[in-house]
Amino acid sequence: GDWKPFEPVLQPAPGATEHKIDMSAEETVLEVAPGVTQELWTFNQQSPGPILRGKVGDVFTVTITNNGKIGHSMDFHASKVAMSDEMRTLQPGESIVYQFEAKHAGAWMYHCGTAPTLHHIGNGMFGAIIIDPPDLPEVDHEFVFVQSEIYTGAEGQPGDLTKMQNEAWDAVVFNGYVNQYAHAPIDTVDPDQRVRVWVVDAGPSENSSFHIVGTIFDTVYKEGNLLLSPDETKGGSQALDLQPAQGGYVEFTFDEPGVYVGVTHKFANVGKGAQIVFHVGEFDMEGAPGGH
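The model shown is predicted, which means the values in this text are computed figures rather than measured ones. (Residues numbered from 1 in each chain as written. Predicted model: local features only at pLDDT ≥ 70, side-chain atom pairs only at ≥ 80, totals over all residues. Heavy atoms only, no water.)

Peer 1: Tell me about the overall build of the protein chain, and please be specific about residues and values.
Peer 2: Helix and strand counts for the protein chain come out as three helices and 19 strands. Since a compact globule built from 292 residues should have a radius of gyration of about 19 Å, the 19 Å found for the protein chain is in line with a globular shape. When the backbone C-alpha atoms are referred to their principal axes, the protein chain occupies close to 55 × 45 × 35 Å. Looking at the 292 residues of the protein chain, the share that counts as buried comes to 52%. Pairs at least 24 residues apart make up 71% of the contacts formed inside the protein chain by residues separated by at least 6 positions. Accessible area of the protein chain: about 12800 Å², with a carbon and sulfur share of 49%. Within the protein chain, one finds 15 positive and 40 negative side-chain charges whose respective centroids are separated by 6 Å. (Helix = DSSP H or I, 4+ residues; strand = E, 2+ residues; numbered from the N terminus. Rg over C-alpha atoms; globule rule 2.2 N^0.38 Å. Buried < 20%, exposed > 50% of the residue type's maximum accessible area, 1.4 Å probe, protein only. Contact = heavy atoms within 4.5 Å. Areas by Shrake-Rupley, 256 points an atom, 1.4 Å probe, with all protein chains shown as cover. Lys, Arg positive; Asp, Glu negative; His and termini not counted. Charge placed at Lys NZ, Arg CZ, Asp CG, Glu CD.)

Peer 1: Go over the packing of aromatic side chains with me, naming the residues and quoting the values.
Peer 2: Describing an aromatic ring pair means giving the distance of the ring centres and the angle of the ring planes. A complete count under the given rule lists 21 aromatic pairs for this structure. Seen in terms of ring centroids, Phe76 and Phe100 are 5.2 Å apart; in terms of plane orientation they differ by 40°. Their pairing is tilted. With a gap of 24 residues between them, Phe76 in strand E5 (residues 75–76) and Phe100 in strand E6 (residues 95–101) connect regions that are remote in the sequence. One exposure class covers both Phe76 and Phe100, and it is buried. Between Tyr98 and Phe100 the ring centres are 5.8 Å apart and the planes differ by 75°, which places this aromatic pair in the edge-to-face class. (Phe/Tyr/Trp six-rings, centres within 6.5 Å; stacked < 30°, edge-to-face > 60°.)

Peer 1: An account of the side chain of Asp132 is needed here, citing residue identities and associated values.
Peer 2: Topologically, Asp132 is positioned in strand E8 (residues 126–132). The exposure class of Asp132 is buried, given its relative accessible area of 9%. Looking at Asp132, its side chain comes within polar contact range of the side chain of Arg53, at 2.9 Å. Ignoring anything within four residues of it in the chain, the contact list for Asp132 reads Ala13, Arg53, Gly54, Lys55, Val56, Ala105 and Trp198. (Polar contact = N/O pair within 3.5 Å; in protein donor to acceptor, adjacent residues only side chain to side chain.)

Peer 1: Quick one: what's the story with the side chain of Glu27, residue by residue and with numbers?
Peer 2: Its place among the elements puts Glu27 in strand E1 (residues 18–33). Look at Glu27: it is buried, it has no salt bridge, and the nearest opposite charge is Lys69 at 4.3 Å. From its side chain, Glu27 meets the backbone nitrogen of Lys69 in a polar contact 2.7 Å long. A polar contact is formed between the side chain of Glu27 and the side chain of His72, at a distance of 2.7 Å. Among residues more than four places away in sequence, those in contact with Glu27 are Glu39, Leu40, Trp41, Gly68, Lys69, Ile70 and His72. (Salt bridge = Lys/Arg side-chain N within 4 Å of Asp/Glu carboxyl O.)

Peer 1: I'd like to hear about the pattern of salt bridges, residue by residue, with values.
Peer 2: Any two side chains of opposite charge can pair, so long as their charged atoms come close to each other. Tallying each qualifying case throughout the model produces 10 salt bridges. Among the ionic pairs, Arg196 bridges to Glu251, the shortest N-O distance being 2.9 Å. Linking Arg196 in strand E12 (residues 195–203) with Glu251 in strand E17 (residues 247–252), this pair joins segments that are 55 residues apart in sequence. Like Glu251, Arg196 is buried. Within this structure, Arg53, Asp132, Glu142, Arg194, Arg196, Asp218 and Glu251 form a network of salt bridges that share partners.

Peer 1: I'd like to hear about the layout of surface pockets, residue by residue, with values.
Peer 2: If you add up the space inside the largest pocket, you get close to 390 Å³. Along the wall of the largest pocket there are 22 residues; nearest its centre are Pro12, Ala13, Arg53, Glu142 and Arg196. When contributions to the lining of the largest pocket are tallied by element, the ones reaching two or more residues are strand E3 (52–55) and strand E9 (141–150). With three residues, E9 is the largest single contributor of residues to the lining of the largest pocket. Of the residues that constitute the lining of the largest pocket, the class distribution is 11 nonpolar, three polar and eight charged. Roughly 260 Å³ of volume is contained in the second largest pocket. When its residues are assigned to classes, the lining of the second largest pocket shows six nonpolar, six polar and two charged. (1 Å grid on protein atoms, 1.4 Å probe; cavity = no way out; pocket = protein on both sides within 12 Å on 5 of 7 lines; lining within 4 Å. Points joined across faces, edges and corners; volume = space filled by probe spheres on them. Nonpolar A, V, L, I, M, F, W, Y, C, P; charged D, E, K, R; others polar.)

Peer 1: Residues and numbers for the environment of Pro5, please.
Peer 2: Topologically, Pro5 is positioned in the segment before E1. A residue is classified by how much of its surface remains accessible, and Pro5, at 32% relative accessible area, is partly exposed. Taking the C-alpha atoms as reference, Pro5 lies 29 Å from Pro116; in sequence the two are 111 residues apart.

Peer 1: Summarise empty space enclosed by the protein; cite the residues concerned and give the values.
Peer 2: Scanning the model with the defined rule gives one cavity of 30 Å³ or more in all. As a volume, the largest cavity reaches approximately 100 Å³. Along its surface, the largest cavity is lined by 15 residues, and Leu40, Gly122, Gly124, Glu149 and Ile150 are the ones closest to its centre. Mapped onto the lining of the largest cavity, the elements with two or more residues apiece are strand E2 (36–43) and E9. Counting residues per element, the lining of the largest cavity draws most heavily on E9, which supplies three residues. Its residues placed into classes, the lining of the largest cavity shows six nonpolar, eight polar and one charged.

Okay, here's the thing in structure tokens:
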């Protein structure tokens, strides 16, 4: 059909100081796995919502319009604003200008905060906003993966709030679709190229232990703090651990051509849709690993 995977390639931050952005909130019927559709609650008719990016000191002027049938709102974790104003619930047809200065670097979550917030996040109203640390080095490739859970309701209907309250998810996914980068492997990376992967755990309720089978992270940045970078101590990291609403990035290279798989190493969730396949360089697919 016309299914396309959510684009995981993260674009460079624009040079502009002010980011003028229009965002909408609405209910949108979307596919979340092959043959499975749900009425997701979305920003800009997609889940995750658009990936936003800027630098420390940039101003974001975001006009949010509720084009849906129920109340929705916005909470940018990258902002320092009173929730009673910018984060108030918009009724259908209402708009608000949510303006903030990005004062701190990080891989931030944004989401709808309308009660019950669990239902709005759990049904797709979340996204990532990347605020680059000063002097962030250039790399060959950047990607962004937002981990979340899916709690299916009836076909074509909203997600099941009772399942959300009981933490009984049906799937754990990256960028909103079950195993989407197994269906559409990422094939743009070559051996020895430097890769930065930004990860945000949108939840609403499950943690993430982000790991890539076959490589080691030599750089780890989590919640505004550079935890590891290459030096004479030769430290390496195997997983970036994130609780819901936390984010960061890892950097690494692939030493050899072949298949590499990104997962959350909370392995019960890998079989529920949380895997990312990289096809690195030129190689023979015969005998490619399938066990991890």
